Amino acid sequence: MKKILTMIVAVACMFTACDIERLPNSSMAAETVIADPDASLDALLNGVYAQMKDWSDVMHRCGEYAGDNIVIRGSSTDAFYEFISYSRTPNNYRLQSFWDNSYKAIAQTSNIIKMMPPEGNTPEIDNKLGECYFMRGLMYFYLCRAYGRPYYQNPESNRGVPIENGTPDDLFNMQLSDRASVKETYEQAVSDLKAAADLLTVNNGPAYASQEAAWALLSRIYLYMSGTWDSPNAEYARLSVEYADKVIASGTYTLLERNAFMKYNTFTPDNNSESIFVVQRVASEFSGYDHYYGIGGMYGNIGGMGWGEMYASAKHIALLDETGRNDWRNNKIVDARAAFIEPQYAEKEQPVFRFIKKVYNADKVQTNFNYVQANVTVNGNTATCTEVIGEKSTAYTLTPVDTEQGIWSIKYEDGETYTGYIDQYISLNRVYPMFYIVKCSREGEESHLHSPVITRLAEMYLNKAEAAAKTGDYATAREALNIVRERSLPGKGYAALTAANAETLIEKERTLELAFQAERSYDVYRNGRSLTRQYPGPHNAMEEVQPTDFRVVYFIPQNAINSYSGTLTQNPISN
């Protein structure tokens, strides 16, 4: 016991804290743990929670940037650009940080679990053990979805991540195991989360592990295991529904009503009724210009804080506008989720016709897309615009499509007919209109303060909708889906959900609802679908990333392989 305690202290002393809202700054002796296990476990656990703060930053970037909700203004030398460009390398310091922080949390929680006897504890200590199982299961799942292939692709043979539950007794002669299979890694995560759900009896709010948080992650994991739309696994889909229903039926959480939801990002975790588990951040952790480096710092500049170099993609904007145009300039928000986007209109009003055109190379092969904001004049049902490129000025007569919404079309010089909006000029960064994203900013009205969301109630309804549809229960799926949809689009629920349209409608709502929560890229690939980003940006807009592409998963950090006590097999470097 003394040896285990010494190792726990050695691993955890850098991460202990007197409460979850402070970064670690203290350590403790093994004798202290023995004398007062309840208080000591609090300190050790707070160290794990503190560890998750840095972890969550890279977790968000590698999940969200690889999707199609965002566009960056241009290429970057920062390591996160690999997530956007799919130029995968094993020497990415951000992925190294994600790997290291994940395994530190696994080691800390595992050592606490090893320290305590399996039974005969007080309910309070059991609850703390439940927190350890929860966080360990969470880490294994998040590691496996980043470094292991989608579950439907041969999970018995594809590699997940090493399963090492605790610091080895012999630190000088240790031989660590190679990567377990994807199936074994998922089994470890499921086992841990089920153990957590059995032990957790106290809900201290969304900043802490809870029984409901364990159920919520189990619902998502079983959804990841539920196969593709073409070849679903009905049993895993049923289990996803079961655990989503447990969270919903608990009555612990409620969906925010529409107007409140449009300010979702501004609520602190304790004041947000639909947050299940978040990685809590507080303003005291930041000083001066530190907010530049928060997750929201790339998505906008608020109060002079932030780089503001990454924006909502044209694909995401189009999806928000699908039911009806969101007119931000005149504060006419159709889809409540459009409230998380803030276009940066120029101070001087300048009416324009904004549309997206195709870009061709000298051989007339399409290579990209680009925005056009052409000065426009409207006279009743007649509108003309003028595009100026260098010294060339070209005038066009527009055709009305829906004048009430300001939607017109243009027969462009390349022979294509494009549809766009008459609006005010949006300021550009390089050549891209700045559609700021604020979903990861303004928590407690603090510029880019944000507590990354792991799970919230809306996801449970979406999980239930997809999983129920995969079992053929379209009535249940439609009911669950419309609960989420009609919160953002009152009276616009889907009249029918069938085998023919279920995938399209559920994917749409999931994309919109979970945008900027690091889910999108994983959702695409786990269902066996390819990712396309046919919209303006410095990425390869004509590329279609297949779910079988080797770049769907990240490389194991080379430093981790080099320093590993044993064999740590790398992911393939090509298909």
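Before reading further, recall that the structure is shown in the block above.
Summarised in this report is the structure supplied together with it. (Residues numbered from 1 in each chain as written. Predicted model: local features only at pLDDT ≥ 70, side-chain atom pairs only at ≥ 80, totals over all residues. Heavy atoms only, no water.)

## Focus: the side chain of histidine 450
No. 1: Following the sequence through the fold, histidine 450 ends up in the loop between strand S13 (435-437) and strand S14 (453-456).
No. 2: Classification of histidine 450 by relative accessible area gives buried; the value is 13%.
No. 3: Leaving out residues up to four positions away in the same chain, histidine 450 has contacts with Arg281, Ile295, Lys439, Cys440, Ser441 and Glu443. (Helix = DSSP H or I, 4+ residues; strand = E, 2+ residues; numbered from the N terminus. Buried < 20%, exposed > 50% of the residue type's maximum accessible area, 1.4 Å probe, protein only. Contact = heavy atoms within 4.5 Å.)

## Some points on the pairing of strand S6 (residues 366-379)
No. 1: In terms of strand pairing, strand S5 (residues 351-360) meets S6 through nine bridges, oriented antiparallel. Across the sheet, the residue bridging to phenylalanine 355 is valine 372, located in S6.
No. 2: Adjacent in sequence and paired antiparallel, S5 and S6 are bridged by five residues, among which lysine 364 carries a positive phi angle near 65 degrees.
No. 3: In the sheet, S6 pairs with strand S7 (residues 382-389) via five bridges, with the strands oriented antiparallel. Counted as the bridge partner of asparagine 375 is threonine 386 from S7. (Pairing = 2+ DSSP bridges.)

## Notes on the state of the cysteines
No. 1: Overall, the coordinates contain zero disulfides when judged by the stated rule.
No. 2: Cysteine 144 takes part in no disulfide bond, and the closest cysteine sulfur, belonging to cysteine 62, lies 13 Å away.
No. 3: Accessibility expressed as a relative area gives 1% for cysteine 144, which makes it buried. (Disulfide = S-S within 2.5 Å.)

## Thoughts on the sheet that holds strand S9 (residues 407-411)
No. 1: Judged by pairing direction, the barrel is antiparallel, and its six strands sit side by side in the order S5-S6-S7-S8-S9-S10 before closing back on the first. On average, each strand axis in the sheet is tilted by 40 degrees relative to the strand beside it, whichever way the strands run.
No. 2: Taken together, the seven bridges between S7 and strand S8 (residues 392-402) define a ladder with antiparallel strand orientation. When the sheet's bridge partners are listed, threonine 386 is paired in S8 with alanine 395. (Axes fitted to C-alpha atoms, helices over the stretch in contact; angles between N-to-C directions.)

## A short note on the packing of helix H8 (residues 211-224) against helix H12 (residues 457-470)
No. 1: Their axes nearest at 10 Å, the elements H8 and H12 cross at an angle of 35 degrees. As for the relative orientation of H8 and H12, their crossing is left-handed in sense. Counted together, Ala216, Ser219, Arg220 and Leu223 of H8 and Glu459, Met460, Asn463, Glu466, Ala467 and Lys470 of H12 form the full contact between these two elements. (Left-handed = near helix turned anticlockwise from the far one by under 90°.)

## Some remarks on the pattern of salt bridges
No. 1: Under the criterion given, the structure shown has 43 salt bridges.
No. 2: Where glutamate 513 meets arginine 456, a salt bridge forms, and the shortest distance between an N and an O atom there is 3.1 Å. Of this pair, glutamate 513 sits in helix H14 (residues 502-513) while arginine 456 sits in strand S14, and the two are 57 residues apart along the sequence. A single burial state applies to glutamate 513 and to arginine 456, both of which are buried.
No. 3: Residues joined in a network through salt bridges with shared partners are Arg145, Arg220, Glu459, Glu466, Lys470, Arg510, Glu519, Asp523 and Arg526. (Salt bridge = Lys/Arg side-chain N within 4 Å of Asp/Glu carboxyl O.)

## Observations concerning the pairing of S5
Two faces, one strand: in a regular strand the side chains alternate between the faces of the sheet.
No. 1: Relative to strand S10 (residues 417-424), S5 is paired through four bridges, and the arrangement is antiparallel. Considered in S10, the bridge of arginine 354 is made with tyrosine 421.

## Some words on the side chain of asparagine 527
No. 1: Turning to its location among the elements, asparagine 527 is positioned in the loop between helix H15 (520-526) and strand S15 (531-532).
No. 2: Side-chain polar atoms of asparagine 527 contact the side chain of lysine 470, separated by 2.8 Å.
No. 3: Setting aside residues up to four positions removed in sequence, asparagine 527 forms contacts with Gly227, Thr228, Trp229, Glu466 and Lys470. (Polar contact = N/O pair within 3.5 Å; in protein donor to acceptor, adjacent residues only side chain to side chain.)

## Here we look at the packing of aromatic side chains
No. 1: With the rule as written, the count across this model stands at 30 aromatic pairs.
No. 2: Between tyrosine 292 and tryptophan 307 the ring centres are 4.8 Å apart and the planes differ by 70 degrees, which places this aromatic pair in the edge-to-face class. A residue pair is termed long-range when its members are at least 10 positions apart, and tyrosine 292 in the loop between strand S2 (275-278) and strand S3 (310-312) and tryptophan 307 in the loop between S2 and S3 qualify at 15 residues.
No. 3: Given a relative accessible area of 17%, tyrosine 292 falls into the buried group.
No. 4: Residue classification places tryptophan 307 among the partly exposed positions, given a relative accessible area of 39%.
No. 5: Against the face of tyrosine 345 rests arginine 329, its NZ or CZ located 5.0 Å from the ring centre. (Phe/Tyr/Trp six-rings, centres within 6.5 Å; stacked < 30°, edge-to-face > 60°. Lys NZ or Arg CZ within 6 Å of the ring centre and 35° of its normal.)

## Some remarks on unusual backbone geometry
No. 1: The phi dihedral of arginine 442 is positive, around 70 degrees, even though this residue is not glycine.
No. 2: Checked against the element boundaries, arginine 442 lands in the loop between S13 and S14.
No. 3: The phi dihedral of alanine 518 falls on the positive side, at around 70 degrees, and the residue is not glycine.
No. 4: Within the secondary structure, alanine 518 sits in the loop between H14 and H15.
No. 5: For alanine 518, a relative accessible area of 0% translates into the label buried.

Just distances and angles here, no functional claims.
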